[in-house]
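Below are the chains, spelled out letter by letter.
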Amino acid sequence: MKKNSTLRLTTTALLTAIAIAIPMVMPIKVLIEPASFTLASHVPIFFAMFFSPAVAVSVSIGSAVGFLLAGFPIIITLRALSHVVFALIGALYLRNRRESLLASPMKSQFFSFWIGLIHAMAEVTVVSLFFFGLIPGADYQDGFFYAVFLLVGVGTVIHSMVDFFLAQVVWKSLGRRMTRLAKQI
């Protein structure tokens, strides 16, 4: 039992460290407030989802810390914190379905789109609070449809699906090692 908890802690710490580092060092960043797109920023979260709900939530919180430390505006940091929602829901869904879902291109794309919608809804909710002035700190001149729905909503679904694909490719390329590791965690 102690070996498994040490392995879980170590895996969570490594994925969290990667999640913190990505927004700080990734050279490919697009910032069009209130949206931001940092390539691969969700990959550690998806990896964590493949392991367990607890790991997914921990790594999601770490990712938000990374965006805060990287100096992103508070609205983008809070969007990153909203990743806890999709990470928890996705990890709970994947708990007993991970292998069959990742083995099927159709199932994995459907899951990627579904979890991308949940991801986008959480981020749109955060941005809407700022847009309508319920949380001070942002002043948007663009309309709700463009700034919130298109940039954040649709952009997040696409960004989420790209990062899920990257995570899936890496997971599959590591083969049985990841399946064994996931069973131990």
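To keep things clear, this report deals only with the structure shown in the data block. (Residues numbered from 1 in each chain as written. Predicted model: local features only at pLDDT ≥ 70, side-chain atom pairs only at ≥ 80, totals over all residues. Heavy atoms only, no water.)

1. Details of the pattern of salt bridges
Counting across every chain of the model gives two salt bridges. As a salt-bridge pair, R79 and E123 come within 2.6 Å of each other at their nearest N and O atoms. Taken as a pair, R79 in helix α4 (residues 74–81) and E123 in helix α7 (residues 105–131) lie far apart in primary sequence, 44 residues in all. Ionic pairing is found between E99 and R98, a salt bridge with its closest N-O pair at 3.0 Å. Under the relative-accessibility criterion, R98 is labelled buried at 10%. (Salt bridge = Lys/Arg side-chain N within 4 Å of Asp/Glu carboxyl O. Helix = DSSP H or I, 4+ residues; strand = E, 2+ residues; numbered from the N terminus. Buried < 20%, exposed > 50% of the residue type's maximum accessible area, 1.4 Å probe, protein only.)

2. Focus on the nonpolar core
Among the nonpolar cores identified, the biggest contains 32 residues, and F47, M49, F51 and W171 are the most heavily contacted of them. Contributions of two or more residues to this core are made by α1 (2–25), α2 (43–51), α3 (53–69), α5 (83–94), α6 (98–103), α7, α8 (144–173) and α9 (176–184). Not counting residues up to four positions away in its chain, the partners in contact with F51 are T11, L15, W171, M178, L181, A182 and I185. F37, A64, F67 and A147 belong to the second largest nonpolar core, which has 16 residues in total. (Core = buried A, V, L, I, M, F, W, Y, C linked by side-chain atoms within 4.5 Å. Contact = heavy atoms within 4.5 Å.)

3. Some details on α8
Between its terminal C-alpha atoms α8 stretches 41 Å, which fits the 44 Å expected from 30 residues at 1.5 Å a residue. A maximum bend of about 30° is found in α8 at L150. (Expected span 1.5 Å × (residues − 1). Bend = angle between axes of the 7 residues up to and from the residue.)

4. Digging into the packing of aromatic side chains
Within this structure, the stated rule accounts for 13 aromatic pairs. Pairing Y93 with F111 gives two aromatic rings, centres 5.7 Å apart and planes at 15°, and the pair type is stacked. Pair noted here: Y93 is in helix α5 and F111 is in helix α7, with a separation of 18 residues, a long-range link. Look at F111 and you get buried, because its relative accessible area is 1%. Between F131 and F132, the aromatic rings sit 5.3 Å apart at their centres with planes inclined by 85°, giving edge-to-face as the arrangement. Under the relative-accessibility criterion, F131 is labelled partly exposed at 21%. Each member of the aromatic cluster is reached from another via a ring pair, and the members are F46, F47, F50, F51, F86, Y93, F111, W114, F164 and W171. The ring of Y93 has R97 sitting right over it, with the charged end atom 4.1 Å from the ring centre. (Phe/Tyr/Trp six-rings, centres within 6.5 Å; stacked < 30°, edge-to-face > 60°. Lys NZ or Arg CZ within 6 Å of the ring centre and 35° of its normal.)

5. Notes on unusual backbone geometry
Leaving glycine out, the prevailing phi sign among residues is negative, and the prevailing peptide bond configuration is trans. Unlike most non-glycine residues, A40 shows phi in positive territory, near 70°. Tracing the backbone shows A40 in the loop between β2 (35–38) and α2.

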